[in-house]
Each structure stands twice: as C-alpha cells, then as structure tokens.
Amino acid sequence: MTQEANLKNYENQSLHDGLEGCERDRGLEKLMIPRVGMLNALHDMQQKEGVKVFAALYSLALGMQIGEGATCIEKDFFPLVNLDDNQCDQVVPALRDSGFLIVKSSLLDLELQQKALAASARILELSSKTVTHPSDPKQYMMLSFDDLGGEDLSEVSEDVRIIKEYYSSLRKIRDILLQSIASGIGMDDAEFFSRQHNENNDSIRLLNYLHGDENTANRCKEHSDYGTLTLLLTDGVGGLEAFVDGKWRQVPYVEGALIVNIGSILSEWTRQDLKATLHRVAGPASIGSTTSTNDLLKAVSVQRRSIAYFADPNPNVATTLSKSNDHSLDNEENMTIDEYIQWRSGGTGVDRSGVSFTSKEE
C-alpha cells in the first residue's frame, strides 16, 4: 500500500491510537490503513516465521519499503563527542544545532564519576548546609572549590576529597571545550575564551531530586543557564529534557559521559551562533513532554542524583562583545560578569542559584 493510499484512508477516518511507532515522525501523524485484525495476524506470523519476516511485513503495512525498516529515524540533536579522538571540531556544529552535546574524556573516567555521585549523595545527606528548594522537589548545595576545604564539611572529608578531584578534572575539560569552541567559530586566538576563565570563577551544585508520583510535574522547572558552559553528570535516572526544534526532547544518558550545554553569556559572546537552550527535569505531569509517561513514572519512583558544574568567566570581564565584527569584549559600556550574575541570580559566589530565571522564563 502506498503512502498516498494511507493518507487517503487517514483523511477519511478518525484518529486511531492503537498503533505506535514512527508514523508521526515520518510526517504522517497517524496512518489509517485497513488493519482490522492485521496486527494480530502479523504477531501470529512473528511467532511462526520469525522476527525478520514480521518486520518486513510490518514495514510494508506502514507503506515503507522492506529495506527501510520499521524504526524511527530522528535527527540526533545530542551527539556524542569524544574529546580524546580528535573530534573537537565536532563541538561547535553540535552546539549550533541544539545548544547541547554529550562528551567523553579520559580526564574524567567512569570510576571517578561514580565516586563523585556517591560522595555527593553522602554530603547532601549529612551536611547541615543542604538546602531544600522552595518550589522544586529537590535538595541541593552550591559550592566553590574553596568551600570544599572549609570546616563545615569536615565530617565528610573523604567525600570532599573525591569532589575536589572531580572538580579539578572538570576545569580541564572546560578549557578544552572553550578552546574547541573558539577554533570552531573561526577565532584566530583559540585560547580567547579559556583565558577569560583563568581565575576559575566557577561553582558546582550537588543535587538530589526527591521521589514523586503520577502527579509530579517538573522536578526542575524550565530555565536556561546564565554562564558560559554547564557540565552535568547524572546517575542515569531520566527526565532531563531540552526544548529543541519546537519540542521538549529527552536528553539521553550515556554512561561515562558528561552532558554539556551553553549558557547565555557564551551565546552572547558568539553573537547567538550557539544557543542557550531552555531545559528542565520533567515528571509524568509535565506539559508537552515527548518522553514516554512510563519512563517518567519510573524516573520519579526513585531519587535522581546529579552534579552540575557552572563555568562563569572572570568577574570583571564584560558580558557583551564590542559592536565591531571582531570578537573583542566591550569592557567600557556594559555590565561585568559579576554584575550580571548578581542581577540574574540574586547573589554572588555560592549564593548564586546556578539555574536562575529571567522574567520571561518564570
């Protein structure tokens, strides 16, 4: 049956929600083919003749050619880039597309990631400095590198040591990414962006998302980050979504990898060539999610742990570029990074939120 015939049937019949798969992604919304009993027959044939025969016939039933297969082929909005395999030139194309990418690096192996997540959980559980978010169902702690040597965390000294090691690795990966971005957008000075971060004006946020149920909406509401880069480590529990190409799309988990996204300052510094994308942690009751309800129900049935690293430029650096066509910063007429962070997040140092919201995002 041709796609034209399928569309004709579709136009003449009511929507049918019994067939799942890739119809909508192929631009046909819901295909309406004459299939009373067809799927049952195909499933019977699967049992008798095997999976390959079933897949071929099912493809034909959807108006596809046999070689095309029955799986959805969707654009990869969140590509994986290995920073060890000369793939740094792929960083900018990925960030132009969605503002997100996933990276792996030998500077941060899986064992250290797992230790860091476990250490973060213990710190949040034992420390009196843990904060309960006023609106989102989560607990957190915002820390600078210097805070990790303070007396407030002396009861978890081994965990602090692990977080400091993890933190140091992130700074190295930050610089590699910033240099890759400078080169990728055609700057002559590949170290321009990394040089604006040489005072390590950064912080990490230890996060624990609490259990929920079918009525749980966003575990972290929609926002964009305000710095240059965010490097996120998660435990694999789902729910992270980015608003890309008009949809809330699930950001995939890749074991041993970090999720990278662009903040508003770097978006400004690249003249919006790179995107500071809205993102959230969705729940089963979140509006507009393309993540399956079952997956979101599974996610809220457990705690979700993550560590977010926020890279901000040096405090006295300008937030905007000069009006010329070069990439110099306008240090005379515009607010500094420090002033911008205070305006955007309502604080400085560890008092800043890391995921504050503009009036349009509230």
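What you are looking at is a predicted structure, and each value in this text was computed from that prediction instead of being measured. (Residues numbered from 1 in each chain as written. Predicted model: local features only at pLDDT ≥ 70, side-chain atom pairs only at ≥ 80, totals over all residues. Heavy atoms only, no water.)

A. Layout of the overall build of the chain. Helix and strand counts for the chain stand at ten helices and twelve strands. When the 362 residues of the chain are sorted by exposure, 47% land in the buried category. Of all intrachain contacts in the chain linking residues separated by at least 6 positions in sequence, the fraction that spans at least 24 positions is 70%. Entry remark: accessible area of the chain is about 17,800 Å², with carbon and sulfur atoms responsible for 47%. (Helix = DSSP H or I, 4+ residues; strand = E, 2+ residues; numbered from the N terminus. Buried < 20%, exposed > 50% of the residue type's maximum accessible area, 1.4 Å probe, protein only. Contact = heavy atoms within 4.5 Å. Areas by Shrake-Rupley, 256 points an atom, 1.4 Å probe, with all protein chains shown as cover.)

B. Just the confidence of the model for the chain, in detail. In this model, the chain carries a mean pLDDT of 79, and residues with pLDDT of at least 70 account for 71%. Note that pLDDT drops below 50 for residues 50-74; the model gives that stretch 42 contacts with residues more than four away or on any other chain. Scored below 50 in pLDDT, residues 354-362 shows 28 contacts in the model against residues more than four places distant or in partner chains. (pLDDT = per-residue confidence, 0-100.)

C. Structural detail: the sheet that holds strand 8 (residues 240-244). Ordered by their spatial adjacency, four strands build an open sheet running 6-11-8-9, and the pairing between neighbours is antiparallel. The sheet is open, and its two edges are formed by strand 6 (220-223) and strand 9 (247-250), each paired on a single side. Put simply, the sheet's adjacent strands are angled 25° from each other on average, direction ignored. Relative to strand 11 (residues 279-281), strand 8 runs antiparallel, the two being bridged by three bridges. In the sheet register, Leu 240 faces strand 11, and the bridge partner there is Val 281. (Pairing = 2+ DSSP bridges. Axes fitted to C-alpha atoms, helices over the stretch in contact; angles between N-to-C directions.)

D. A look at the side chain of Arg 304. Inspection of the secondary structure puts Arg 304 in strand 12 (residues 304-312). The side chain of Arg 304 is buried and forms no salt bridge, while Asp 235, the nearest opposite charge, is found at 5.2 Å. A polar contact of 3.1 Å, which involves the side chain of Arg 304, links it to the backbone oxygen of Val 237. What Arg 304 contacts, discounting residues up to four positions off in sequence, is Leu 207, Asn 208, Tyr 209, Arg 219, Thr 234, Asp 235, Val 237, Gly 238, Leu 240 and Val 281. (Lys, Arg positive; Asp, Glu negative; His and termini not counted. Salt bridge = Lys/Arg side-chain N within 4 Å of Asp/Glu carboxyl O. Polar contact = N/O pair within 3.5 Å; in protein donor to acceptor, adjacent residues only side chain to side chain.)

E. Local environment of the pairing of strand 5 (residues 201-209). In terms of burial, strand 5 is a largely internal element, nine of the nine residues being buried. Side chains Asn 201, Ser 203, Arg 205, Leu 207 and Tyr 209 of strand 5 all project onto a buried face; the interleaved residues Asp 202, Ile 204, Leu 206 and Asn 208 project onto the opposite face, where all are buried too. Pairing of strand 4 (residues 138-143) with strand 5, which is carried by six bridges, proceeds in the antiparallel orientation. Opposite Met 141, over in strand 5, you have Leu 206 as the bridge partner.

F. Quick peek at the packing of helix 4 (residues 91-98) against helix 6 (residues 157-184). At a closest axis distance of 8 Å, the pairing of helix 4 and helix 6 adopts a crossing angle of 85°. Taken together, the axes of helix 4 and helix 6 lie roughly perpendicular to each other. Counting all contacts with helix 4, which are made through Val 91, Val 92, Leu 95 and Arg 96, the residues of helix 6 involved are Leu 177, Ser 180, Ile 181 and Gly 184. Residues that form the contact of helix 4 with helix 6 fall into these classes: five nonpolar, two polar and one charged. (Parallel < 35°, antiparallel > 145°, perpendicular 65-115°, else oblique. Nonpolar A, V, L, I, M, F, W, Y, C, P; charged D, E, K, R; others polar.)

G. Expanded view of the nonpolar core. Membership of the largest hydrophobic core comes to 55 residues, with the highest contact counts inside it found for Ile 163, Leu 177, Ile 181, Phe 193, Leu 229, Leu 258 and Ile 307. With eleven residues, the top contributor of residues to this core is helix 6. Contacts of Ile 181, omitting those with residues within four sequence positions, involve Val 91, Val 92, Leu 95, Phe 193, Leu 229, Ile 262, Leu 266 and Leu 274. Counting residues in each nonpolar core, the second largest holds 19 residues, with Phe 77, Phe 100, Tyr 140 and Leu 240 among its members. (Core = buried A, V, L, I, M, F, W, Y, C linked by side-chain atoms within 4.5 Å.)

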